[in-house]
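Here is how the chains run, residue by residue.
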Amino acid sequence: MFDRLQALEDRYEELGGLLSDPDVISDTKRFTKLSKEMADLRETVEKYNEYKKVTSLVDEDLEMLDSGLDDDMYEMVKEELAESKERKAELEKEIEILLLPKDPNDDKNIIMEIRGAAGGDEASLFAADLFGMYSKYAERQGWKVEVLDKSLTEVGGFKEIALLINGDKVWSKLKYESGAHRVQRVPVTESAGRIHTSTATVVVMPEEEDVEIEIDPKDIRVDVYRSSGAGGQHINKTSSAVRMTHLPTGIVVAMQDERSQQQNRAKAMQILKARVYDYYASKEQKEYAANRKSAVGTGDRSERIRTYNYPQNRVTDHRIGLSLNKLDRIMNGELEDVIDALVLYEQTKAMEKLKNNG
């Protein structure tokens, strides 16, 4: 581990020199790439430097304790040694986590799709509640949410809604949200006061930039048509809605939310790229379908990653056995405890895997 840390520190110092080189500064693309690499290494190198200082302090304190100190000085050094040893152990754990293999998508923005599944109107209302929860969480993180497409129900819920979330390390925190989310509560449409169980599904995909996935225009069939639903004369008279079909995969994206065909084309392409990347991230269509089913499920009530129980004000994440009695706060965007627990669980699993393989 320490050989690797020293290599990272050497590379960090090398990058510092390169970024002051006029030839690198004049090459915007290379300068940006090296700046990002240096930023990614910064925390690890800083922790390693602190670790070296604390280790040196531990060694000095041990020598002093063996040198025949008076009682007062002995107790003071002993106390400092205990603190230094504790900090050293903390740094070792922190560095182990920093050295875990990185998810290449962690820094990316995401496209999230939320759909009402089993439960009719109540499922669509729950989909709207989840949209509100993620929007408030994004606001707490300083992220920006843009609605790409939505399909409303008569009761004010969402059949489906697609959104783009921009910000710092969005994928790293929201990648765990893909799956079926189950709600248990008395629906507003229920007159007898009985608790119903409904589900909504969430799909999270990394946003793909042009340089990372190229779709041949010949592989896309574009159909334009008139938008349906509310919108007045403009919608009735203009073919502004767009349907894009990626012929090699059969993936279809329809977009009619914007008033102009050009806007709908841009947003449809944005979603199409994310779905096509998601498709090709799996090696073959069969594996893709299995992954998709594993991540999202069918939306059936029995399949879920998380349950939101309103009568008991409880949220349970079934993957890690976490239950929190603060559903009201979580629905208000306070998702940190759930997400932090999922991150810790993944880190622990990754560390165990490394140790077993080592």
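About the cut-offs
- Residues numbered from 1 in each chain as written.
- Predicted model: local features only at pLDDT ≥ 70, side-chain atom pairs only at ≥ 80, totals over all residues.
- Heavy atoms only, no water.
- Pairing = 2+ DSSP bridges.
- Helix = DSSP H or I, 4+ residues; strand = E, 2+ residues; numbered from the N terminus.
- Phe/Tyr/Trp six-rings, centres within 6.5 Å; stacked < 30°, edge-to-face > 60°.
- Buried < 20%, exposed > 50% of the residue type's maximum accessible area, 1.4 Å probe, protein only.
- Lys NZ or Arg CZ within 6 Å of the ring centre and 35° of its normal.
- Axes fitted to C-alpha atoms, helices over the stretch in contact; angles between N-to-C directions.
- Parallel < 35°, antiparallel > 145°, perpendicular 65-115°, else oblique.
- Left-handed = near helix turned anticlockwise from the far one by under 90°.
- Nonpolar A, V, L, I, M, F, W, Y, C, P; charged D, E, K, R; others polar.

Caption draft 1: Seen up close, the pairing of strand β10 (residues 314-317). Taken together, the four bridges between strand β9 (residues 306-309) and β10 define a ladder with antiparallel strand orientation. The partner of asparagine 309 across the bridge, within β10, is arginine 314. Hairpin geometry of β9 and β10 is characterised by an intervening segment of four residues between the two adjacent antiparallel strands and by a positive phi of about 50 degrees at asparagine 313. Where β10 and strand β11 (residues 322-324) come together, three bridges link them in antiparallel fashion. The partner of threonine 316 across the bridge, within β11, is serine 323. In textbook terms, the turn of a hairpin is the stretch between consecutive antiparallel strands, and for β10 and β11 this stretch comprises four residues, one of which, glycine 321, has a positive phi near 65 degrees.

Caption draft 2: Layout of the packing of aromatic side chains. Counting across every chain of the model gives three aromatic pairs. Relative to phenylalanine 158, the ring of phenylalanine 131 has its centre 5.7 Å away and its plane inclined at 85 degrees; by these criteria the two rings are edge-to-face. A residue pair is termed long-range when its members are at least 10 positions apart, and phenylalanine 131 in helix α5 (residues 120-141) and phenylalanine 158 in strand β3 (residues 158-166) qualify at 27 residues. Residue phenylalanine 131 is classed as buried on the basis of its relative accessible area of 19%. On the basis of an interplanar angle of 85 degrees and a centroid distance of 5.6 Å, the ring pair of tyrosine 137 and tryptophan 143 is categorised as edge-to-face. Using a relative accessible area of 1% as the deciding quantity, one classes tyrosine 137 as buried. The ring of tyrosine 310 is capped by arginine 185, whose NZ or CZ atom sits 4.9 Å from the centre of that ring.

Caption draft 3: Examining the packing of helix α3 (residues 28-65) against helix α4 (residues 71-98) more closely. Interhelical geometry of α3 versus α4 gives an angle of 150 degrees and a closest axis separation of 8 Å. Relative to α4, α3 is oriented roughly antiparallel. Of the two possible hands of crossing, α3 and α4 adopt the one that is left-handed. Of the residues that constitute the contact of α3 with α4, the class distribution is 15 nonpolar, three polar and 11 charged.

Caption draft 4: Structural detail: the sheet that holds strand β6 (residues 220-225). Strand order in the open sheet formed by three strands is β6-β7-β8, with antiparallel pairing between adjacent strands. Edge positions in the open sheet fall to β6 and β8 (251-255), since each of these has one partner strand only. When the angles between neighbouring strand axes are averaged without regard to direction, this sheet yields 15 degrees. Inspection of the sheet shows strand β7 (residues 241-246) paired to β8 by five bridges, in the antiparallel sense.

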